[in-house]
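Read off the chains here:
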Amino acid sequence: MESTGTTMSYGLLRYVRPELLRMAHYEPVEPVEVAAARLGIPPERIVKLDGNENLYGPSPRALAALAALHPLHGYNIYPDPDQLRVRAALAEYTGAAPDCIVAGAGSDELIDLLARALLAPGDHVIDLVPTFGMYVFTAAVCGGAYVPVPRHDDFSVDVPAVEAAVDERTKLIFVASPNNPSGNLLPREDLDRLLALGVPVVVDEAYIEFSGGSVVPLVADRDNLIVIRTFSKWAGLAGLRAGYGVMPRPLADLLMAIKPPYNINVAAEAAIVASLEDRELLLERVARIVAERERLSALLASVPFLRPRPSAANFILCDVTAGDAGLLRDALRAQGIFTRYFGRDGLRDKIRISVGLPEHSDRLLATLHAMGEAPRELGQSR
Ligand SMILES: Cc1ncc(COP(=O)(O)O)c(C=O)c1O
């Protein structure tokens, strides 16, 4: 008889799907308070440019709607499993039919629901790497067989390679547009070729408000196009978890049937509706972030060891042309400036910098210039 918790859990793990025990874990960004305590820096001194969040915060109307949630006719009552108010508001915003929309706890939940709906163990998932890490993670959790197709050096999609990789086992192609972490859009002709393959294509438009050019209007005419979007970036609601997908009606009906019934909580519901009512203000902030992206890009180009790539999103991927990109991330972090380093194929010599407020860009630039050069060895520039 096993007696300790640890040996007990080893016993239980014998019943777990073995591929889950082998899978690589998702690497989320560290919460500010945790990182600040570890580094011994006051949280208010941290410049958080590692999560592509919106540093302007939620809209005032969303904050007011949250504050106005009635304690006894709000938080203690289950939310609407049919998402009627949210789907109607999203239909008005996107121009899609409400029945073609499914809301979730972030677009992460839509990725999860789509994988659960479409993948049987061993089915192939095509991922256009380097890209957002949730696609490989979710494919692994659902037992899918992961088929990475590398992008070109400029991060455009290698469409002929995708065409060669698709076969009767392919159940999903994920393509982020703008892509994270490279910031480039998928050209319409590439999308048309992917759609012509006939398998479900998920276009992840998490950053589309920063670029324009959504392909949501195409969903009505295609039976294999799914578009997922989020309130985390443009609407400043990353902490509340609010996302949605637009897809052909039969698939939307299925996702509504298999999702956890109360997946959109009452606070997210209130904040989504209020944010859409406050879209003018939010989109004005988006315009400010886009302007700041261009200013920051020009500033980064003046740093001798960085080469910023063009971006259509709220972040900039930079080649670190001298020194070590991972150590540069560490050196900035030690000064309270958080950026993202991935250390994966195609990204080892790069860091991704989210666009914050102008004062964040200025502090980042002053720190980079004070360094003189990118660190080459552990301990340098700390
Ligand atoms: C391309 C892409 N898709 C989806 C997400 C997840 O968004 P959400 O917060 O809605 O789950 C992110 C978050 O960084 C992302 O970069």
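Relevant structure appears above.
Quick notes on the rules
- Note that residues are indexed from 1 along each chain, following the sequence as it is written.
- Where local features are concerned, this predicted model is filtered to residues with pLDDT of at least 70; where side-chain atom pairs are given and counted, the filter is 80 or more; whole-chain, interface and lining totals use all residues.
- Hydrogens and waters are ignored; side-chain quantities use all the structure's heavy atoms.
- Only protein chains enter the calculation, and the probe is 1.4 Å; a residue is then buried if its accessible area is under 20% of its type maximum, exposed if over 50%, and partly exposed in between.
- Runs of H or I in DSSP of at least four residues are treated as helices and runs of E of at least two as strands, each being numbered from the N terminus.
- Whether two residues touch is decided by their heavy atoms; if any such pair falls within 4.5 Å, the residues are in contact.
- In this scheme, patches are assembled from residues that exceed 30% relative accessible area and form no salt bridge. Like charges are connected within 9 Å, while nonpolar side chains (Val, Leu, Ile, Met, Phe, Trp, Tyr) are connected within 5 Å.
- All accessible-area figures derive from a Shrake-Rupley calculation using a 1.4 Å probe, and residue coverage is judged against the displayed protein chains alone.
- In the sections that follow, a salt bridge refers to a side-chain nitrogen of Lys or Arg positioned within 4 Å of a carboxyl oxygen of Asp or Glu.
- We call a residue near a molecule or strand when any one of its heavy atoms sits within 4 Å of it.
- Each polar contact in these results corresponds to two N or O atoms within 3.5 Å; when the atoms are within protein, one needs to be able to donate a hydrogen and the other to accept it, and residues that are neighboring in sequence are counted only if both atoms are side-chain atoms.
- Each residue gets one label: Ala, Val, Leu, Ile, Met, Phe, Trp, Tyr, Cys and Pro are nonpolar, Asp, Glu, Lys and Arg are charged, and the others, such as Gly, are polar.
- To obtain each axis, a line is fitted to C-alpha atoms, and for helices this fit is confined to the stretch in contact; angles are then taken between N-to-C directions over 0 to 180 degrees.
- Our angle categories are set so that under 35 degrees counts as roughly parallel, over 145 as roughly antiparallel, 65 to 115 as roughly perpendicular, and the remainder as oblique.
- The crossing is said to be left-handed when, going from far helix to near helix, the turn is anticlockwise and less than a right angle, and right-handed when the turn is clockwise.
- The nonpolar core is taken to be a set of buried Ala, Val, Leu, Ile, Met, Phe, Trp, Tyr and Cys residues, with the residues joined through side-chain atoms within 4.5 Å.
- The split into domains, and so the bounds of each, comes from an automatic or database assignment of domains.

A.B. asks: So, helix α6 (residues 84–94): which residues are in play, and what are the values?
C.D. replies: Within an α-helix, residues lying three or four positions from one another point in the same direction, as the helix has 3.6 residues per turn. Turning to α6, its buried residues are Val-86, Arg-87, Ala-89, Leu-90, Ala-91, Tyr-93 and Thr-94. The inward-facing, buried residues of α6 abut β2 (101–104), β7 (225–230), β8 (243–246), α11 (249–258), α12 (266–277) and α13 (279–301). Just past α6, the residue Gly-95 takes up positive phi, approximately 85 degrees.

A.B. asks: So, a nonpolar patch on the surface: which residues are in play, and what are the values?
C.D. replies: Where nonpolar side chains cluster on the molecular surface, the patch consists of Tyr-10, Leu-13, Val-16 and Leu-21 and spans about 370 Å² of accessible area. Mapped onto the secondary structure, Val-16 falls in the loop between α1 (5–13) and α2 (18–22).

A.B. asks: If you had to explain the site of the ligand to someone new, which residues and values would you point to?
C.D. replies: Every one of the 13 residues lining the ligand counts as a neighbour, but Ser-107, Asp-204, Tyr-207, Thr-230 and Ser-232 are closest to it. Within the contact set of the ligand, an oxygen atom lies 2.6 Å away from a backbone nitrogen or oxygen of Ser-107. Contact distances for the ligand include 2.6 Å between an oxygen atom and a side-chain N or O atom of Tyr-207. Notes on the ligand: free accessible area 390 Å², of which the protein chains cover 92%. Classifying every residue of the shell around the ligand gives four nonpolar, five polar and four charged.

A.B. asks: Pulling in residues and values, what's your account of the pattern of salt bridges?
C.D. replies: Two side chains with opposite charge may pair up if their charged atoms get near one another. Taken as a whole and assessed by the stated rule, the structure comprises 29 salt bridges. Ionic pairing is found between Glu-19 and Arg-17, a salt bridge with its closest N-O pair at 3.0 Å. Arg-17 gets classed as partly exposed once you look at its relative accessible area, which sits at 36%. Between Glu-30 and Arg-333 there is a salt bridge, with the nearest N and O atoms lying 3.1 Å from each other. Within this pair, whereas Glu-30 is found in the loop between α2 and α3 (32–39), its partner Arg-333 is found in helix α14 (residues 325–334), the two being separated by 303 residues in sequence. A residue is classified by how much of its surface remains accessible, and Arg-333, at 15% relative accessible area, is buried. Here the residues in one salt-bridge network are Arg-307, Arg-309, Asp-319, Asp-349 and Lys-350, joined through shared partners.

A.B. asks: Break down the packing of α6 against α12 for me, with residues and values.
C.D. replies: As a packed pair, α6 and α12 sit with axes 10 Å apart at the nearest point and diverge in direction by 25 degrees. Classified by the angle between their axes, α6 and α12 sit roughly parallel to one another. Handedness of the α6/α12 crossing: left-handed. Residues Arg-85, Val-86, Ala-89, Leu-90 and Tyr-93 of α6 form the contact with α12, whose participating residues are Glu-269, Ala-270, Ile-272, Val-273 and Leu-276.

A.B. asks: Kindly report on the packing of helix α7 (residues 107–118) against α11, identifying the contributing residues and their values.
C.D. replies: The geometry of α7 relative to α11 is characterised by a closest axis approach of 10 Å and an angle of 100 degrees between their N-to-C directions. The pairing of α7 with α11 is recorded here as roughly perpendicular in orientation. Only Leu-251, Leu-254, Leu-255 and Ile-258 of α11 make contact with α7, whose side of the interface consists of Leu-110, Leu-113, Leu-114, Arg-116 and Ala-117. Of the residues assigned to the contact of α7 with α11, the class counts are eight nonpolar, no polar and one charged.

A.B. asks: Go over the nonpolar core with me, naming the residues and quoting the values.
C.D. replies: In terms of nonpolar packing, the biggest core is built from 83 residues, with Phe-231, Leu-300, Leu-364 and Leu-368 touching the most fellow members. With nine residues, α12 is the single largest residue contributor to this core. In this structure, this core is formed jointly by two domains, domain 1 (17–56 + 281–371) and domain 2 (60–278), each of which donates at least three residues. Ignoring any residue separated from it by four or fewer positions in sequence, one finds Phe-231 in contact with Leu-90, Gly-236, Leu-237, Ala-238, Ala-242, Tyr-244, Ile-272, Ser-275 and Leu-276.

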